[in-house]
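The primary structure of each chain is shown beneath.
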Amino acid sequence: MAVAGLGVDTGPPGAMPSSHDGEMSDGEPGAVGIAAAPEERPPIAPTVTERQAIRDAMVAGDHQRAIDAAASAYGLTNGARWDPALTQEGDTDGHTRVVTIGPPAFVNPRTGQPRSLGWLVSSIVHECIHLHQLMAVHPMDGGD
């Protein structure tokens with residue numbers, strides 16, 4: 001099942017969702033996770049060129065370019081911004097709806113080793129899910 005607007009594949013088509021993907025095994029919305037989206041779309045598979053552009057930006061240390069390229073290539077909500085002072089991988093401000101991505105999304109703070117492209121994308125997706133959760137909780141007032 002694809003999570004609408006996120007370009008994230010949460011299982012094979014026709015498979016019963018599990019409780020960890022936001023639905024109970026009987027298909028009813030779960031207490032945690034993502035509410036059913038009004039429209040689903042197939043997951044986005046970035047091209048080799050798009051993935052290489054993300055890797056190139058990561059290697060060059062151009063964090064904002066890597067974030068923008070990842071969001072574009074994977075069909076994610078764009079607008080995430082780089083924050084070198086953020087001590088965690090990502091953060092979503094509940095009032096402003098601003099998503100920030102920090103250094104731990106690019107480098108493992110314990111080992112100093114670079115993170116993978118997949119790690120960066122999953123960090124952005126994680127924060128995008130929080131944006132969707134805010135809209136589900138506060139749809140009329142924009143989350144405030």
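In what follows, the structure referred to is the one given above.
Residues numbered from 1 in each chain as written. Predicted model: local features only at pLDDT ≥ 70, side-chain atom pairs only at ≥ 80, totals over all residues. Heavy atoms only, no water.

Help me out: how do you make sense of the sheet that holds strand β4 (residues 90-92) in this one?
Strands pair in a sheet through their backbones, by hydrogen bonds, and they do so in one of two ways: parallel or antiparallel. Taken in spatial order, the three strands line up as β3-β5-β4 in an open sheet, and their pairing is mixed. Every other strand in the sheet has two partners, leaving β3 (81-82) and β4 as the edge strands with one partner each. As judged from the two bridges shared by β3 and strand β5 (residues 99-101), these two strands associate in the parallel manner. Residue pairing for β5: W82 is matched across the bridge by I101. (Pairing = 2+ DSSP bridges. Helix = DSSP H or I, 4+ residues; strand = E, 2+ residues; numbered from the N terminus.)

Help me out: how do you make sense of the pattern of salt bridges in this one?
When the charged atoms of two side chains lie near each other, side chains of opposite charge can form a pair. For the coordinates displayed, the defined rule picks out two salt bridges. Put simply, R65 and D62 hold a salt bridge, and the shortest N to O gap is 3.0 Å. The residue E89 makes a salt bridge to R115 at a minimum N-O spacing of 3.7 Å. Of this pair, E89 sits in the loop between β3 and β4 while R115 is found in the loop between β5 and α3 (117-137), placing the two residues 26 residues apart along the sequence. We classify E89 as partly exposed; its relative accessible area is 28%. (Salt bridge = Lys/Arg side-chain N within 4 Å of Asp/Glu carboxyl O. Buried < 20%, exposed > 50% of the residue type's maximum accessible area, 1.4 Å probe, protein only.)

Looking at this structure, how should I read the packing of aromatic side chains?
Describing an aromatic ring pair means giving the distance of the ring centres and the angle of the ring planes. Going through the model one piece at a time under the given rule, you end up with one aromatic pair. When the centroid spacing of 5.4 Å and the interplanar angle of 90° are considered together, the rings of W82 and F106 count as edge-to-face. On the criterion of sequence distance, the pair formed by W82 in strand β3 and F106 in the loop between β5 and α3 is long-range, its members being 24 residues apart. (Phe/Tyr/Trp six-rings, centres within 6.5 Å; stacked < 30°, edge-to-face > 60°.)

Is there a simple way to explain the side chain of E127 in this structure?
Among the structural elements, E127 can be located in helix α3. R97 is the oppositely charged side chain nearest to the buried, salt-bridge-free E127, at an N-O distance of 11 Å. Contact partners of E127, with chain neighbours within four places excluded, come to G90, D91, T92, V99 and I101. (Lys, Arg positive; Asp, Glu negative; His and termini not counted. Contact = heavy atoms within 4.5 Å.)

Is there a simple way to explain α3 in this structure?
Owing to its 3.6 residues per turn, the α-helix brings residues three or four apart onto one side. Its 21 residues place the ends of α3 31 Å apart at the C-alpha level, agreeing with the 30 Å of an ideal helix rising 1.5 Å per residue. The complete set of buried residues in α3 reads L117, L120, V121, S123, I124, V125, E127, C128, L131 and L134. (Expected span 1.5 Å × (residues − 1).)

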